[in-house]
Amino acid sequence: MSSGGLQLPSGDSGAPEGRGAGDTADGSVAAGTQPETVPLARPMDIGVDLDWDAASWAEVRLRAERAGRAYIWLNLVEQRLRAVVAGVLRPIYEPVHGEEWVVAAAGPTGQEWVQRAVAVREVSRRKGYVLDPADDNLLSFLTLPQLRELMVQHWPCYEQYFDQRRELELALDELEVARSAVSRNRALPATVLAQAERTSARLLELLGPADSFAPSAGRLPVDAMEQLVGERFSDVVGVHRDRVRLQRQLPAEDLFGGAHRIDAMGIGLNLLVQNYSGRRLVRLAESGCRMRLLFLNPASSAVRRRERELGLKRGELSRAVEMNILHMRRVRSRVRDSGAVDIQVSDETPRFTAYMVDGDGPDGLAVVQSYLRRSRGMEAPVLVLRGGGRAPLRHDSDTRPGGYRSEDDGLFGTYWDEFEAAWKDARSVS
């Protein structure tokens, strides 16, 4: 019996019919003779690979995270392309063909895939898969390549709206690699995901102003995930372990370049003073940018306490802060309108350093760091906040635009109010 691991006797072609090797004529086994046996495979162990270890789960979660990000971008592109196709072709074909305008627009060359879409739509209707009545149309069942084919096939109709046909086609072709991987739940390498995100952002730009809902996207591009889960994290759009990692994604040139207002507070404001040259600061101020810079008083006892926390020699930090203030005074002296650069100092130990760019309008962006006892500002974690949609509220002490406050401000409004309170209590530097 093989199921118990026993061995069955094998046949012997050389023995007479019905007689095995070692058998006598009367059917008994000859003395000293062992029957030949053949080993049988033991039963398979079923289910041993069903358990996943921690590494397997981590790999699966990583795949799901990448696929989810790619799916969001692909969904945005497909919805935008669907609207573009409908916006141009529907007015042409619908008056003549009615609800079958998509079939007519596909023409003879697209009959195969358009009929496939018709069949999928009918099955979805019968099974109740169409959850939104707005999706109960043939256009909603076309895939990204089919939408691309409709657009390319009728390019003369789109030529007056888009002049980069070749770039548009190449970008849509590039997305096919990511689309195939996502639709079939295959692994999506990080490089392919990054390429798909860049291509999708470029496509949305080609197909229309995709970032009109976030003006500060020109300074820090809007991430697709930010728009979908942003409410969970208030107005935080970025968290970095330290300032070095921040500047890889958001260099000082991108953060401050083209700003019309900069409000900053901290100990030495190195992110602005040390990473943005004096010439560029002068050009920025001459172009109309207004700056309010609040430093820690280098002669205050708070500086000495901070030096002890960081293990610095006495006077080392105060000299560095004083040099930054002198540098900004030189910048101010070279600007025709000296009021464009307002410098103040405070004797109170700052709880955080903050750089708020264009905080008086919908294009606001802020970089905030808390001060840690044993870590320099360069090593402290960084929050990036996107502040927009606030209603203006002018402060009595400020004749320039500013002081925005709303219940929906999130963290941006909280730090803005802290800056305004500290600015009001500080002393001006002549």
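What you see is a predicted model, and the numbers here were worked out from it, not measured in a lab.

**Notes on the overall build of the protein**
- Scanning the protein for helices and strands turns up 15 helices and ten strands.
- Looking at the protein residue by residue over its 430 residues, the buried ones come to 40%.
- In the protein, once contacts between residues fewer than 6 apart in sequence are set aside, the share between residues at least 24 apart is 70%.
- Per element, the accessible surface of the protein, about 24,900 Å² overall, is 51% carbon and sulfur.

**A few points about the side chain of Arg 82**
- Examined against the element boundaries, Arg 82 turns out to sit in helix H1 (residues 54-97).
- On the accessibility criterion, Arg 82 (17% relative accessible area) is buried.
- Contact partners of Arg 82, with chain neighbours within four places excluded, come to Leu 139, Ser 140 and Leu 147.

**Looking at the nonpolar core**
- Counting 44 residues, the largest nonpolar core has Val 85, Leu 89, Leu 139, Leu 142, Leu 150, Met 151 and Tyr 158 as its most contacted members.
- For this core, the secondary-structure elements that each account for two or more residues are H1, helix H2 (101-106), helix H3 (111-127), helix H4 (144-153), helix H5 (155-158), helix H6 (165-183) and helix H7 (190-206).
- Counting residues per element, this core draws most heavily on H1, which supplies eleven residues.
- Excluding its chain neighbours within four sequence positions, the residues that come into contact with Tyr 158 are Val 84, Val 85, Val 88, Leu 89 and Met 151.
- Counting residues in each nonpolar core, the second largest holds 42 residues, with Ala 264, Leu 281, Leu 317 and Val 321 among its members.

**Observations regarding the pattern of salt bridges**
- Considering all chains together, one arrives at 24 salt bridges under this definition.
- Measuring nitrogen to oxygen at the nearest pair gives 2.8 Å for the salt bridge that ties Glu 420 to Arg 292. Remark: Arg 292 occurs in strand E5 (residues 290-296) and Glu 420 occurs in helix H15 (residues 410-425); sequence separation between them is 128 residues.
- By relative accessible area, which is 6% here, Glu 420 ends up buried.
- Residue Arg 306 pairs with Glu 309 through a salt bridge whose shortest N-O separation is 2.9 Å. Residue Arg 306 and its partner Glu 309 are located together in helix H13 (residues 301-310), separated by three residues, close to a single helical turn.
- Classification of Arg 306 as buried rests on a relative accessible area of 7%.
- Residue Glu 309 is classed as partly exposed on the basis of its relative accessible area, which comes to 29%.

**Re the side chain of Ser 200**
- By the secondary structure assignment, Ser 200 is in helix H7.
- The exposure class of Ser 200 is buried, given its relative accessible area of 0%.

**Examining the pairing of strand E9 (residues 382-387)**
- Burial within E9 is extensive, with five of its six residues counted as buried.
- Relative to E9, strand E3 (residues 236-240) runs antiparallel, the two sharing four bridges. Note on E9: the bridge partner recorded for Val 236 is Leu 385.

**Details of the packing of aromatic side chains**
- Tallied over the full model, the rule gives six aromatic pairs.
- Each ring, one from Phe 256 and one from Tyr 355, has its centre 6.1 Å from the other, and the planes form 70°; the classification is edge-to-face. Of the two residues, Phe 256 sits in helix H10 (residues 252-256) while Tyr 355 sits in strand E7 (residues 352-357), which places them 99 residues apart along the sequence.
- Exposure remark for Phe 256: the relative accessible area of 0% places this residue in the buried category.
- Arranged with centres 4.8 Å apart and planes meeting at 75°, the rings of Phe 352 and Tyr 415 form a pair that is edge-to-face.

Basis of the calculations
- Residues numbered from 1 in each chain as written.
- Predicted model: local features only at pLDDT ≥ 70, side-chain atom pairs only at ≥ 80, totals over all residues.
- Heavy atoms only, no water.
- Helix = DSSP H or I, 4+ residues; strand = E, 2+ residues; numbered from the N terminus.
- Buried < 20%, exposed > 50% of the residue type's maximum accessible area, 1.4 Å probe, protein only.
- Contact = heavy atoms within 4.5 Å.
- Areas by Shrake-Rupley, 256 points an atom, 1.4 Å probe, with all protein chains shown as cover.
- Core = buried A, V, L, I, M, F, W, Y, C linked by side-chain atoms within 4.5 Å.
- Salt bridge = Lys/Arg side-chain N within 4 Å of Asp/Glu carboxyl O.
- Pairing = 2+ DSSP bridges.
- Phe/Tyr/Trp six-rings, centres within 6.5 Å; stacked < 30°, edge-to-face > 60°.

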